[in-house]
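# Structural features, examined
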Amino acid sequence: MKKRLNFLIPLILLLVLVFFLGRGLGLDPHEVPSPLIGKPAPGFALTQLDKPEQVIRRDDMLGKVWMLNVWASWCVACREEHPLLVEFSRQKLLPIYGLNYKDERAAGLQWLGNFGNPYDVSLFDHDGRVGIDFGVYGVPETFIIDKQGVVRFKQIGPVTPEVIADKIAPLVRQLNG
Amino acid sequence: MANMRSMGKALVLSVLLAIGVGAARAGEAAPAAADPALEARMLEITAELRCLVCQNQTIADSHADLAVDLRRQVREMLQQGQTDQQVVDYMTARYGDFVLYRPPFKATTALLWIGPGVMAVCGLLLLVLILRRRSRLPDARFEPDAEDADATEQPQAPTH
């Protein structure tokens, strides 16, 4: 009896291998899990893109559930994502802050003028240091930060309608209680 | 004679070329920071860190914008007198263990570190088991080796 089933062993090994390789196909090595999730958002003090004299700090945002969307006028994928963000901002589900990453003020403002401005405020991170603190490595990236200033969600790459409907919107509702 | 002269020319040319290449390389390798020791330390640390943008390159190697920024960041941290460990902690706080080419041993990385060893031991055990079982089998169960085979015997055609 035992002998007769021995021929199944290579088949089982093959199935195990296929399972792991199949899972590997579905994983994107560019999506590095962020160690920031569940931790306080890094502190920052940045000027507004359109008002160089107006400084915004992380602690100004405490008490609000808010979205931080990292973008740049040179970023191609941001343009792809942009119409969706503009549409999402009309729902007024939460304040959307932009982080204008390694960009020039004039270029950033022109970009918003051309394609619409979904942001309540855009923060101007000219040298990309705040981006580094947020672990940004592939623009666009999107963070959801809760009332205590803790990062609860991170999307690497453009947000999609599915991500908004299935992850962001339910999370924001839950955080706003 | 003509041969000698052309050889001499070739020699002069190659020397000139070598000097030229040397000069060009020296220009390329000029350290960006004023302090070469610090620059060397910076490169030593960043050579152990993975560039997030081009994932098969180190931060020391990569020309990606982010890698340039991170090298600048590390340079500044070293100038402030921070230790190598502080720099590594700074990176892992932002990008996780993924940035380390040699991740630390802990629960989430245990499989990564032990996995190959476990696989090798399993393979060796399997090999030993199979060899021992075969050594107990009677000779009749094996086909004769080529050199043992009777010379008069016809080469056997496969029967099945």
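Summarised in this report is the structure supplied together with it. (Residues numbered from 1 in each chain as written. Chains lettered and ligands numbered in written order. Predicted model: local features only at pLDDT ≥ 70, side-chain atom pairs only at ≥ 80, totals over all residues. Heavy atoms only, no water.)

## Looking at the interface of chain A and chain B
Note on interface size: it is often stated as the accessible area lost on association of the parts. We apply this condition: Residues count as neighbours in contact if any of their non-hydrogen atoms are within 4.5 Å of one another. The quantity reported as buried area is the accessible area (1.4 Å probe) lost by two parts once they are put together, taken as the sum for both. Basic side-chain nitrogens of Lys or Arg form a salt bridge, by our definition, when they fall within 4 Å of a carboxyl oxygen of Asp or Glu. In protein, a polar contact means a hydrogen-donor-capable atom and an acceptor-capable atom, both N or O and within 3.5 Å, with residues adjacent in sequence counting only if both atoms are side-chain atoms; elsewhere, any N or O pair within 3.5 Å suffices. In this text, helices come from DSSP runs of H or I with a minimum length of four residues, and strands from runs of E with a minimum of two, each type numbered from the N-terminal end. By the convention adopted, Pro, Cys, Tyr, Trp, Phe, Met, Ile, Leu, Val and Ala count as nonpolar, Lys, Arg, Asp and Glu as charged, and the other residues, Gly among them, as polar.
Taken together, the contacts link 15 residues of chain A with 17 residues of chain B. Overall, the association of chain A and chain B removes approximately 1400 Å² of surface from exposure, summing both partners, and the carbon and sulfur fraction of that is 51%. When the buried surface of chain A facing chain B is broken down by residue, A:Arg129, A:Ile132 and A:Tyr137 rank first, second and third, together holding 39% of it. Between chain A and chain B we count four salt bridges in total. When the shortest N-O distance is used, the salt bridge between B:Glu76 and A:Arg129 registers 2.9 Å. On the surface where chain A and chain B come into contact, there are four residue pairs in polar contact (both at pLDDT 80 or more). With three residues, helix H5 (residues 129-133) of chain A is the largest single contributor of residues to the side of chain A that touches chain B. Its residues assigned to classes, the side of chain A that touches chain B shows nine nonpolar, two polar and four charged.

## A word on the pairing of strand E5 (residues 121-125) of chain A
Residues and elements named next belong to chain A. Note the threshold: Categorising residues by exposure relies on relative accessible area from a 1.4 Å probe, with only protein chains included: less than 20% of the type maximum marks a residue as buried, more than 50% marks it as exposed, and the intermediate range marks it as partly exposed. Only when DSSP finds a minimum of two bridges between them are two strands counted as paired.
Within E5, five of the five residues are buried, which leaves it mostly tucked inside the rest of the structure. Pairing of strand E1 (residues 45-48) with E5, which is carried by two bridges, proceeds in the antiparallel orientation. Residue Gln48 lies in a different strand from E5, and its bridge partner there is Leu123. The pairing of strand E4 (residues 96-101) with E5 spans five bridges and is classified as parallel. By the bridge assignment, Tyr101 is partnered in E5 with Asp125.

Read these as layout, nothing more, since geometry by itself doesn't imply function.
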